[in-house]
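If you want the building blocks of each chain, they are given just below.
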Amino acid sequence: MLRKRGVDLRKLDDIEKRLRDLTEPLNDQSRGYEDIFELLEDLRETVLDYQTDIHDQEYNLITPDEAAVLDGFRFARKAEFRYSGHRGCLKGTREDVLDGIELWTRDPAKPPVYWLNGLAGTGKTTIAQTVAERVFACGQLGASFFCSRDFEDRSNIKLIFPTLAVQLARKYTDFRSYLVPLVRSDPGVADESLYNQMYKLIVRPLNKFNISPVIIIDALDECQDEEPASAVLSILGQFVSKIPEAKFFVTGRPEPRIREGFRLPMLAEVTDVFVLHEVEPSRVDNDIRLFFGHKFSDLARRRSLDDWPTKEQLDLLCERAGGLFVYAVATVKSIDKPSTNPRKQLNLLLQSPESSTREGKTRLTGNTTLDLLYTSILQEAFSDVNGPDNDPMVRSVLGAMILAANPLSPSTIAKVLGLDPEDVFPLLSLVQSLLIFQDQDIDFPVRPFHKSFFDFLIDPDRCTNQRFHVFPPEHHLQLSIGCLNLMNRTLKQNMCGLPDGVANSDVHDLKDRIENFIDPALRYACRSWHTHLVKGPAISLAAPKIDSTLRQFLEGKLLLWLEVLSVLGAVKNAVNALQAALGLSKESPTLDLAHDCHRFVTGHFEIISASSPHIYHSALVLCPTTSIVRKLYETNTQPFVRVVRGAPVSWDSNIAAIACPIRIYRAAWSSCNRFIATSSYNGATVVILDSVTLQRLQSLECAPEETFSAQIGALIFSPDSHLLTWVGRLDQHVYIVSWDLQTGGVVSAITHHDQRYCQKPNITYSNDGKMIGVSYSYSSDFMISIYDVVSGIHMYNIKPDVHGGFYNPRGRVLAVWTHGEFLRVATTEPQPITIWEVGFTSRANFTLVETLYVPDILDADIVIAPTPLATYRIVLCREGEFSVWDTGDSKFLLRQTNATSSSSFTFSSDSRSFVSWDTGSEVYIWKEHSTGYILHGKLESRTKFTTPLLSPDGESIITFGDSRLRLWHTENLHTTPSSPTTQHSEDFVLDFMSDGPLAVVTRRQDNVVVVLDLKSGLPQLTIDTGMEVYGLKVIGNTIAVVVDGKVITWNVVGRNPLPGTRMGPEDSTQTITFAQPASPVIVAAISPDLHHIAVILEKFGTLLYNLSDGQKFEFSNAMDNSLWFAPGDNTLWIAGRNMVRSQPKDDEAYNALVVRDIECGPRESPWRSSLGYKVTNDGWVLDLEGKRLLMLPPPWQSDAALRVWNGHFLALLHGSLPESVILDFEP
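Note that this is a predicted model, so its numbers are computed, not measured.

> Before we go on, may I ask you to explain the overall build of the protein chain in this structure?
Scanning the protein chain from terminus to terminus reveals 31 helices and 59 strands. Within the protein chain, the proportion of its 1227 residues that are buried is 58%. Look at the contacts in the protein chain between residues 6 or more apart in sequence, and 59% of them connect residues 24 or more apart. Of the accessible surface of the protein chain, which amounts to about 50700 Å², a share of 50% is contributed by carbon and sulfur atoms.

Shown next, in the form of structure tokens:
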């Protein structure tokens, strides 16, 4: 053991105890024995330091390369005990507690988890610090994480496991040999779910190398956690039995989520619990008396105070402390100040009357009050501050100090509030006894030394002196305005001096640049102004005070602010901030500006996140021409690219879009509207997305034994959005998997044998989220299985049956939903519709709730949607028509005939909005008005796979099913056929003329081919093909097009046709027919010699025709999205998702395609131009030297083949654009 290299510290403790036992009866008044004890303490500290140095050397054995990899990992850098800023226990205090913990750390028979449970102020962190120091010195400490609400990284539960893993890697060579390669290959593991983090970063390596560390997590209650039971404890409970050699020491207040976490069955049975505030009061009082005696003895010696303090004063101090060490520490700090007389200060504190207000959060006995102490210190500190005129400044400074999202230094507080640092620093120094504060350092972050001071200042019932009371909404608004003013004053373009056009990841010294060139106060303002805004007063009160400052910021500093957030990796803050600004500006002239700014950020989120310079070079270039942001900022840069044709004119309703490498079969909105869950066909890939940016938040995985190949049936969030449940089936087995979204871990995995084969089982959650009902509908009846969602225990089945003559529901099930504590089922046979109810938590019969008679119901397909008023909206659908009946008012709210082919419907949670659609048709959005539902807007569903899903609030829609997932906002939808959403550039086919700046483009449905001048973007020649065009090729002066079963050519005379020239079918020069199957053509390509044509058919995949002899070759791959022939060689290139396949154009060799990476594609392809320009896999357009010229938005990145290069011109053909876009990279 490592202890052999040092000294066993317990031996020194034993020696000291024996000496005290021997000397106590002598009652010697001299200092001889105390000197011996102090010498022994010095020896103990020296040995502790020596052993600490030994283990510090282990940390230094890491190689520079390993250190670089770990330093680049995302973790909290100052969360371990050596950086916590806390001191350990005073020697001689808390010995019983510490001895018990030390015994637990050394005894392998003890449970692997220890919870030090204590109320505020009872000394938990001090004990944790002491434990950490001791087990580190003895070589047992593997890692520690000291949580703190004052620091963003130390209150982030997503950083706990990565931070522990980095510390374990620094200590253990074997652990490091596992973690470094993992982090190098997959740095994103730090952003995965807590479940994946714990499993990959902690459990696997500890098990692999049989490592047995002590791991400390202090103040877990100070981490941000939305779970009813602590997410970290939930994960710990799932894995602790799998790492039996490790021990976890956890401290935390007994707050509900901490208590519930330790009560989880999987954790309760493996945890020792020590309740600190239930220690015998006399023991705690003795420790506090010892603390006072030691501190005051030292102070008396330094200040030459004889016979001070008196025994009576110590007795009164201990009585007032009432078991709270925080009281003792604050008292000593307030007395031990160079500027005060200790005798006088102690007398003032003890002469103050008892507080009349009980402070329930920290008070342990009737005589204990921190309020009295805090009030006395504040009154004494500010007694000489010049009159009430300075009270607002005092409150502002105190408010900024306690309400800041992260601890701020006096200099930062001054800059944010617009004050002189020379005023702020002295004010804070007056109350430094209540703060973690560093004399003579104006840049040291200051914060309350204990959370109880924060609680005191914001509670008007406790802080009764209005000079010091902080009213959070008022001070949050003040901080928000201060942050905006600071940004308006100091933001500048390219503050970090980045080379033009680089991605943030290209800049190896980016962190140093941020530290050197962006002031901490400005960093704070950029990150946090909106957090203060949303915590401020009501909109009606805040708007008049902040509107003009906000408008000035958005008009002049928006892109500069986004630059800073980009390099800080905090662009999501911009989305949240602009959403807050939208709420503030609803009745303000700033509304249009704020909306445009929000669309700019959400529409270009990936670009802004990837590169600060490309906010200008990519996002601004691709911005609509009428955008307010574009008009305000387009003069700020010289872009690398010019949009020749197809620039969007205005923002449409498509808020965001992402490429989907795996096709989405099911999706679900969370009830809070914040998250979207998507699943592949078999549930192997379940992804959680942000509902504003579509940013991937986490991927959910089953353990290997719980991985199913089942076809997905349903996906649903729990009512509180904390859980997600997936149900699918394989043969006669139904699988139900539930995940905890906070941890990413599997909560339960259930298997049900269904011999009757319900094809699409459905799920319903109970309102409290504890139970699920899985409903199985068959041809003549149904069954509902009730499960406990956490334990996975099957409670019982509910089936229709006859009991004592009682009639149960029969017929077809229309819907199953939750109503209060009950499950409701709507059935029909076919008339009337009956509503039945059964309890969720107890076995019972169905009860008939009501019978609904609906006019004109016969022969109709029925959809039923309950409303919050316990009425129903019933859709009756027949071919070519549908109607909506309201059972509350007994009337039709909508009758729609001969206008849509809708057969599918989904409603918002309040039933005031719904969408209707049919396979391959447009999607219609309907909203309720005073007279009923009216058409609000529509989207065009471009493929038979596209499915829309309405958000619970009815404000947003996602469409999915093809290669993209799109997010739409219903507010901006159009109802006219001229809507931009009804025309898509993937309908266009395009090629370039080989000589001259001319492009040839056609829209398939228009039956027209147009030759465009690339300099002006104006048409030069129009050809009427007479038929829909699927493919196009320019060969010299010949334009060849592919129509149904034919290739038709036209000769274009001269290199520059006269503007306005028109040609028709009668002007064609050649027609070649081929035997095309009866299947719609997706896209076609013609070889440069006109000998071959390749087509992708909707049902037959890819086919190749030899036009000379009519021979046909088939490549069966329906996932291809484009193909083309490389000019000048005999190669056909076929593009699928993120890969291309090449094939020499040799009729005998078409049996084996060569699969290649996109970046290995040929020159003169959608990825590469003859001048060396190319498009990379991640969507960057690079020049010959590798300079980044443009970043394509994410939806364009997967559609690699829907591009055409011609020298420095690039054509983009993409379905989210109303027409083809042509870009010039030599503007």
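Further notes follow.
> What am I meant to see in the nonpolar core here?
In a soluble, globular protein the nonpolar side chains are often hidden away together inside. Ranked by size, the top nonpolar core spans 150 residues in total, and within it Met-487, Trp-529, Leu-559, Trp-561, Leu-562 and Phe-600 carry the most contacts. Sequence-distant contacts of Trp-529, defined by excluding residues within four places in its chain, comprise Ser-480, Cys-483, Leu-484, Met-487, Tyr-524, Leu-550, Phe-553, Trp-561 and Ala-577. Formed by 59 residues, the second largest nonpolar core is a distinct cluster that contains Ile-62, Ile-211, Ala-246 and Phe-262.

> Can you walk me through unusual backbone geometry in this structure?
A cis amide bond links Trp-308 to the next residue, Pro-309, at an omega of -10°. Tracing the sequence through the fold places Pro-309 in the loop between helix 12 (281–303) and helix 13 (311–321). Positive phi, normally seen in glycine, also occurs at Ser-721, with a value near 65°. Within the fold, Ser-721 resides in the loop between strand 14 (711–717) and strand 15 (723–730). A relative accessible area of 5% means that Ser-721 is categorised as buried. In this model, Ala-870 sits at a positive phi of 65°, which is unusual for a non-glycine residue.

> Honestly, the sheet that holds strand 11 (residues 675–679) in this entry has me stumped. Any pointers?
Backbone-to-backbone hydrogen bonds pair the strands of a sheet. The strands run either parallel or antiparallel. The four strands are arranged 10-11-12-13 in an open sheet whose pairing can be described as antiparallel. Looking at which strands have only one partner, the edges of the open sheet turn out to be strand 10 (666–669) and strand 13 (696–700). Taken over all neighbouring pairs, the strand axes of this sheet differ in orientation by 20° on average, direction set aside. As paired strands, strand 10 and strand 11 are joined by four bridges and run antiparallel to one another.

> Quick question: what am I supposed to make of helix 5 (residues 124–137) here?
Since one α-helical turn is 3.6 residues long, residues separated by three or four positions face the same way. The terminal C-alpha atoms of helix 5, which comprises 14 residues, lie 20 Å apart, in line with the 20 Å expected from a rise of 1.5 Å per residue. The buried fraction of helix 5 amounts to eleven of the 14 residues, a majority that puts the element mostly inside the structure. Within the span of helix 5, buried status applies to Lys-124, Ile-127, Ala-128, Gln-129, Thr-130, Val-131, Ala-132, Arg-134, Val-135, Phe-136 and Ala-137. The positive-phi residue at the C-terminal boundary of helix 5 is Gly-139, with phi of around 85°.

> Could you clarify how one ought to interpret the pattern of salt bridges in this entry?
Note that side chains of opposite charge can pair when their charged atoms are close. Applying the stated criterion across every chain yields a total of 33 salt bridges. In this structure, Arg-82 engages Glu-80 in a salt bridge whose closest nitrogen and oxygen atoms are separated by 3.5 Å. Since its relative accessible area comes to 32%, Arg-82 is described here as partly exposed. The salt bridge involving Arg-467 is made with Asp-391; its shortest N-O contact spans 2.9 Å. Separated by 76 residues along the polypeptide, Arg-467 in the loop between helix 20 (451–458) and helix 21 (472–490) and Asp-391 in helix 17 (residues 391–403) bring together distant segments of the chain.

> Would you mind showing me how to read the environment of Leu-419 here?
Tracing the backbone through its elements, the reader meets Leu-419 in the loop between helix 18 (410–417) and helix 19 (421–430). The spatial distance from the C-alpha of Leu-419 to the C-alpha of Val-397 is 9.4 Å, given a sequence separation of 22 residues. Apart from the residues within four sequence positions on either side, Leu-419 is in contact with Met-393, Val-397, Ala-414 and Val-424.

> How should I be thinking about helix 9 (residues 231–239) in this particular structure?
The buried fraction of helix 9 is high, at nine of nine residues. Within helix 9 the residues assigned to the buried category are Ala-231, Val-232, Leu-233, Ser-234, Ile-235, Leu-236, Gly-237, Gln-238 and Phe-239.

> Would you mind going over the sheet that holds strand 55 (residues 1180–1182) with me for this structure?
Spatially, three strands are ordered 54-55-56 in an open sheet, and the strand pairing comes out antiparallel. Single-partner strands in this sheet number two, and they are strand 54 (1174–1175) and strand 56 (1188–1191).

> It is not clear to me how the packing of aromatic side chains should be interpreted in this structure. Could you clarify?
Ring pairs (aromatic) are described by centroid distance and by the angle formed between their planes. Counted by the stated rule, this structure contains 28 aromatic pairs. Between Phe-81 and Phe-136, the ring centres sit 5.4 Å apart and the planes meet at 55°, which makes this aromatic pair tilted. Here the residue Phe-81 occupies a position in the loop between helix 3 (64–71) and helix 4 (95–106), and Phe-136 occupies one in helix 5, the gap between them amounting to 55 residues. The pair Phe-81 / Phe-136 is uniform in exposure class, with both members buried.

> Whenever I open this one, the pairing of strand 41 (residues 1031–1035) confuses me. Can you help?
It is a general feature of regular strands that their side chains alternate between the two faces of the sheet. Along strand 41, four of the five residues are buried, which leaves the element largely enclosed by surrounding structure. Hairpin connection from strand 41 to strand 42 (residues 1038–1043): two residues lie between these consecutive antiparallel strands, with Gly-1036 at a positive phi of about 60°.

> Which parts of the structure should I look at to understand the environment of Phe-325?
Among the structural elements, Phe-325 can be located in helix 14 (residues 325–335). Separated by 38 residues in the primary sequence, Phe-325 and Asp-287 place their C-alpha atoms 9.0 Å from one another. Apart from residues lying up to four places away in sequence, Phe-325 is in contact with Arg-94, Gly-121, Thr-122, Val-284, Asp-287 and Ile-288.

> Whenever I open this one, the packing of helix 15 (residues 342–351) against helix 16 (residues 370–381) confuses me. Can you help?
Helix-helix packing: each pair is described by the crossing angle between the helix axes and the interaxial distance. Their axes nearest at 9 Å, the elements helix 15 and helix 16 cross at an angle of 130°. When the interaxial angle is binned, helix 15 and helix 16 end up oblique. Relative to helix 16, the crossing made by helix 15 is right-handed. Contacts between helix 15 and helix 16 pair Gln-345, Leu-348 and Leu-349 from the former with Leu-373, Ser-376, Ile-377 and Glu-380 from the latter. Taken together, the residues that form the contact of helix 15 with helix 16 break down as four nonpolar, two polar and one charged.

> Can you help me understand the side chain of Thr-1038 in this one?
Mapped onto the elements of the fold, Thr-1038 is located in strand 42. Among the polar contacts listed, one links the side chain of Thr-1038 to the side chain of Asn-1051, at a separation of 2.8 Å. If near-sequence neighbours (up to four positions away) are discounted, Thr-1038 is found in contact with Lys-1033, Thr-1049, Trp-1050 and Asn-1051.

> Which parts of the structure should I look at to understand the packing of helix 18 against helix 19?
Relative to each other, helix 18 and helix 19 sit at 130°, their axes nearing to 8 Å. It follows from the interaxial angle that helix 18 and helix 19 lie oblique. Taken as a pair, helix 18 and helix 19 cross one another with a handedness that is right-handed. Where helix 18 approaches helix 19, its residues Pro-410, Ile-413 and Ala-414 are matched on the opposing element by Pro-421, Val-424, Phe-425 and Leu-428. Taken together, the residues of the contact of helix 18 with helix 19 break down into seven nonpolar, no polar and no charged.

> What am I meant to see in the environment of Val-790 here?
Turning to its location among the elements, Val-790 is positioned in the loop between strand 20 (782–788) and strand 21 (794–798). Residues Val-790 and Lys-770 lie 20 residues apart in sequence; the distance between their C-alpha atoms is 7.0 Å. Residues in contact with Val-790, not counting those within four places in the same chain, are Val-747 and Ser-748.

> Would you mind going over the state of the cysteines with me for this structure?
Disulfide: a covalent bond connecting the sulfur atoms of a pair of cysteines. Applying the stated criterion across every chain yields a total of zero disulfides. Cys-483 takes part in no disulfide bond, and the closest cysteine sulfur to it belongs to Cys-526, at a distance of 8.8 Å. The buried category is assigned to Cys-483, whose relative accessible area is 0%.

> What's the story with the side chain of Ser-612 in this structure? I'm lost.
Secondary-structure assignment places Ser-612 in the loop between helix 28 (605–610) and helix 29 (614–620). Accessibility expressed as a relative area gives 3% for Ser-612, which makes it buried.

> Could you clarify how one ought to interpret the confidence of the model for the protein chain in this entry?
Any residue range with low pLDDT should be treated as having predicted coordinates unsuitable for detailed reading. Put simply, the protein chain has an average pLDDT of 81, and 80% of its residues get 70 or more. Below pLDDT 50 for its whole length, residues 976–986 participates in 37 contacts with residues either more than four positions away or in separate chains. Across residues 1155–1161, confidence stays below pLDDT 50; counting only partners more than four residues off in sequence or on other chains, it has 24 contacts.

> Just to check I follow, could you spell out the pairing of strand 27 (residues 872–878) for this structure?
The buried count for strand 27 comes to six of seven residues, which makes it a mostly enclosed element. Examined bridge by bridge, strand 26 (residues 861–866) and strand 27 share six bridges and lie antiparallel to one another. Bridge pairing in strand 27 links Ala-865 to Arg-873. The pairing of strand 27 with strand 28 (residues 881–886) spans six bridges and is classified as antiparallel. Each residue of the ladder has a partner; that of Arg-873, found in strand 28, is Asp-886. Taking the residues that link successive antiparallel strands as the turn, the strand 27-strand 28 hairpin has two residues, and the phi of Gly-880 there is positive, at about 80°.

Basis of the calculations
Residues numbered from 1 in each chain as written. Predicted model: local features only at pLDDT ≥ 70, side-chain atom pairs only at ≥ 80, totals over all residues. Heavy atoms only, no water. Helix = DSSP H or I, 4+ residues; strand = E, 2+ residues; numbered from the N terminus. Buried < 20%, exposed > 50% of the residue type's maximum accessible area, 1.4 Å probe, protein only. Contact = heavy atoms within 4.5 Å. Areas by Shrake-Rupley, 256 points an atom, 1.4 Å probe, with all protein chains shown as cover. Core = buried A, V, L, I, M, F, W, Y, C linked by side-chain atoms within 4.5 Å. Pairing = 2+ DSSP bridges. Axes fitted to C-alpha atoms, helices over the stretch in contact; angles between N-to-C directions. Expected span 1.5 Å × (residues − 1). Salt bridge = Lys/Arg side-chain N within 4 Å of Asp/Glu carboxyl O. Phe/Tyr/Trp six-rings, centres within 6.5 Å; stacked < 30°, edge-to-face > 60°. Parallel < 35°, antiparallel > 145°, perpendicular 65-115°, else oblique. Left-handed = near helix turned anticlockwise from the far one by under 90°. Nonpolar A, V, L, I, M, F, W, Y, C, P; charged D, E, K, R; others polar. Polar contact = N/O pair within 3.5 Å; in protein donor to acceptor, adjacent residues only side chain to side chain. Disulfide = S-S within 2.5 Å. pLDDT = per-residue confidence, 0-100.

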